[in-house]
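Survey of secondary and tertiary structure
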Amino acid sequence: MEALIPVINKLQDVFNTVGADTIQLPQIVVVGTQSSGKSSVLESLVGRDILPRGTGVVTRRPLVLQLVHIDQEDRRKPTEENGIDGEEWGKFLHTKNKIYTDFEEIRHEIEAETERISGSNKGISDEPIHLKIFSPQVVNLTLVDLPGITKVPVGDQPKDIEIQIRELILKYISNPNSIILAVTAANTDMATSEALKVAREVDPDGRRTLAVITKLDLMDAGTDAMDVLMGRVIPVKLGIIGVVNRSQLDINQKKLVADSIRDEHAFLQKKYPSLANRNGTKYLARTLNRLLMHHIRDCLPELKTRINVLAAQYQSLLNSYGEPVEDKSATLLQIITKFAAEYCNTIEGTAKYIETAELCGGARICYIFHETFGRTLESVDPLGGLTTIDVLTAIRNATGPRPALFVPEVSFELLVKRQIKRLEEPSLRCVELVHEEMQRIIQHCSNYSTQELLRFPKLHDAIVEVVTSLLRKRLPVTNEMVHNLVAIELAYINTKHPDFADASGLMNNNIEEQRRNRLRDLPSAVPRDKGAASVSQSSSVSDQTDSGTGNWRSMVRKGEEVPAGDRAMAQPLITASPQKGHAVNLLDVPVPVSRKLSAREQRDCEVIERLIKSYFLIVRKNIQDSVPKAVMHFLVNHVKDCLQSELVGQLYKTTLLGDLLTESEDMAQRRNEAADMLKALQKASQVIAEIRETHLW
Ligand code: GDP
Ligand code: MG
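Looking at an unreviewed UniProt entry, the chain carries the name Dynamin-1-like protein, with the source organism given as Oreochromis aureus. We quote the UniProt Sequence similarities (unreviewed entry) comment for the chain here in full: "Belongs to the TRAFAC class dynamin-like GTPase superfamily. Dynamin/Fzo/YdjA family." In its Catalytic activity (unreviewed entry) section, UniProt records this for the chain: "GTP + H2O = GDP + phosphate + H(+)".

Near ligand 1 you find 18 residues, and of these Lys38, Ser40, Asp217, Asn245 and Gln248 are the closest. The contact in question runs from an oxygen atom of ligand 1 to an N or O atom on the backbone of serine 35, over 2.9 Å. Contacts to ligand 1 include serine 39, whose side-chain N or O atom sits 2.8 Å from an oxygen atom. Against a free-state accessible area of 570 Å², the protein chains account for coverage of 97% of ligand 1. At three residues, helix α2 (residues 38-46) tops the list of elements feeding residues into the shell around ligand 1. Split into classes, the residues belonging to the shell around ligand 1 amount to three nonpolar, ten polar and five charged.

What follows concerns helix α6 (residues 194-202). Those residues of α6 that sit buried are Ala195, Leu196, Val198 and Ala199. Seen from one end, α6 has its buried residues packed into an arc of 165 degrees, which puts them on one side. Of the surrounding elements, those touching the buried residues of α6 are β1 (27-32), α5 (161-173), β6 (178-185) and β7 (209-214). The residue sitting at the N-terminus of α6 and contributing the capping side-chain oxygen is serine 193; that oxygen lies 3.3 Å from the backbone nitrogen of alanine 195.

The subject of this paragraph is the nonpolar core. Among the nonpolar cores identified, the biggest contains 72 residues, and Tyr343, Leu459 and Leu647 are the most heavily contacted of them. Within the residue set of this core, elements represented by two or more residues are α11 (328-348), α12 (362-378), α13 (388-399), α14 (409-421), α15 (424-449), α17 (457-491), α22 (599-651) and α23 (654-660). No other element matches the 19 residues that α22 contributes to this core.

Attention now goes to empty space enclosed by the protein. This structure, assessed with the given rule, holds four cavities of 30 Å³ or more. Considered as a void within the structure, the largest cavity measures approximately 60 Å³ in volume. Lining the largest cavity, in full, are Ser40, Glu43, Ser44, Arg53, Val244, Asn245, Arg246, Ile251 and Ser260. Sort the elements by how many residues they give to the lining of the largest cavity and α2 lands first, with three residues.

Those donors, Ser39 (OG) and Thr59 (OG1), are the protein atoms that reach the magnesium ion (ligand 2), and they lie 2.1 Å from it. A residue pair is termed long-range when its members are at least 10 positions apart, and serine 39 in helix α2 and threonine 59 in the loop between α2 and β2 (63-69) qualify at 20 residues. Exposure class is identical for serine 39 and threonine 59. Each is buried.

Calculation rules
- Residues numbered from 1 in each chain as written.
- Chains lettered and ligands numbered in written order.
- Predicted model: local features only at pLDDT ≥ 70, side-chain atom pairs only at ≥ 80, totals over all residues.
- Heavy atoms only, no water.
- UniProt positions renumbered as here; feature names shortened; annotations may be inferred.
- Near = heavy atom within 4 Å.
- Polar contact = N/O pair within 3.5 Å; in protein donor to acceptor, adjacent residues only side chain to side chain.
- Areas by Shrake-Rupley, 256 points an atom, 1.4 Å probe, with all protein chains shown as cover.
- Helix = DSSP H or I, 4+ residues; strand = E, 2+ residues; numbered from the N terminus.
- Nonpolar A, V, L, I, M, F, W, Y, C, P; charged D, E, K, R; others polar.
- Buried < 20%, exposed > 50% of the residue type's maximum accessible area, 1.4 Å probe, protein only.
- Arc of directions from axis to C-beta.
- Contact = heavy atoms within 4.5 Å.
- Core = buried A, V, L, I, M, F, W, Y, C linked by side-chain atoms within 4.5 Å.
- 1 Å grid on protein atoms, 1.4 Å probe; cavity = no way out; pocket = protein on both sides within 12 Å on 5 of 7 lines; lining within 4 Å.
- Points joined across faces, edges and corners; volume = space filled by probe spheres on them.
- Donors = N, O, S within 2.8 Å, 3.2 Å for Na, K, Ca; no water.

So, in structure tokens, the structure goes:
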């Protein structure tokens, strides 16, 4: 059995690395009639006196003997812990942690434990005794000693003892992963072998049955086992092996196993010279070895696959951890470059890692521009925060001490500027939002894209710091620009803007109209508001002007003619007091109008408001268009373009290298573990290749 030790040991390492259960070596189960020498065969295989043997029924409970190989180094450990002195020891399941170093004591314990359950009077039990033997000279193997087949109940044995024992035996040998040692004594007739009979029941093809002929020394004078051993009586596929165990006298005289094996050899040489090298305990052990090795070999392909799969897994894990840093400056440069590239890619939308949970990077910036910012601007009311009274006051203020003939243009400029100014706040807010998103992208990149960054927490922090400060630096510049965009709009109110033409036409027409009205009113000296005579005239004038200036203008004109109540219905947003106590029409927000507006005042207000609205829309469109452009240029693109050089400039310094590239301890450790594991797996794979090639096959 010792020949298996190096192989099994090697494999054991393999198993330890793979984390798999050891190959389940087949259990070796002995069957045979009572006193045929089953226990003796097992014992000589193990090479130790541990099993109770003798005439009559000795083995009365199954004994599951588990051999556990220990390394020479391991031996010392239990020695120190348990005060064990010696290189081998045994342990019973039923005595828990008690350690047996005296094998005599083990045998006594087996006897005592047998009696405890089965009684002292030949009773048997199917409850197994579990014994583990730890030794550097054994392979991990399980041997099962069973009570012998018997026919006639003796002592306390029940009537159906034969059936009971048969069932017990079948229970163990029907396990396909067991090797059956069918023991038959040479001084009985092989043809009547109960052992072979029961073995055939579960192993009809004889693939796992090995016949053992014991007591070759006890054959009648003049007879020999030649025919039996040659397989001429009953052929057994895996072989028939004759052995000579110690007799009862030998046992009583405490003959050593080694001596017995030497004597066996001498006996075989003398009696069966031609068969000597194919019989005997040693040959039996070698045969078992071979069977076990075959079994191992059959298990190897699966094991190999498993190793390969694991190795691949660890390799990719290791790859994800990155190589240990050798050239620090190259690594730093590489990480910085990769980060910068990832940052830009996230903005461009070409990042490898595509976020699906929410918008991020460039897409989010786009959303900010067109949804958040665009919508906000669109929701700004051109006349928001402007009451009729404000307009009126502005008009009056603009005219100074003189009463005005026309609607003064200055008041329009003044008021429209005030409205345009209101676009600045949402524009600056837009910058802020984009800035926040750019900040978020840093996190995104370091979390998902640049795995290496996780290895170097200090570098990670430093990169975040550099990008953050670059962003922070760009913020005032961008804000300034956006502020300027609004300021530019404020700087010059371009009433010649092509889109404003319509509205300015209105202004001119209105002025023209006013002039005519004035000219008309002067000779009759009738105040314009009260003059009933003017109605027909003015309406004819208006009809002329109407054709060119659009619909809303006709409403202004009507303002002069129709009763205030009707007018209010036509244009409900214009604050007006009913002239003759008709239905009151107020704005949602009451305007503190303490007096009635004259028709002219009404009209002037409306004109101004129209103009403001028209011009405001032009400016709003400009701002909606130019702010995103400014943000892109001054913030987004600038950061994108400068990121790499900024990072290199600030971080790529010899003095910083060591510090920045300090790995997190965790990571270094994890990589080492993975690397060790990979090495172990590669070695395991090599071991398997060696075992496959070894001559043992
Ligand atoms: P078991 O009941 O099948 O386990 O048989 P044991 O191993 O207890 O052996 C029964 C008796 O036969 C013991 O006294 C052994 O010493 C004796 N015996 C077993 N094998 C041999 C053998 O090969 N030669 C001789 N002379 N005696 C043997
Ligand atoms: Mg026995």
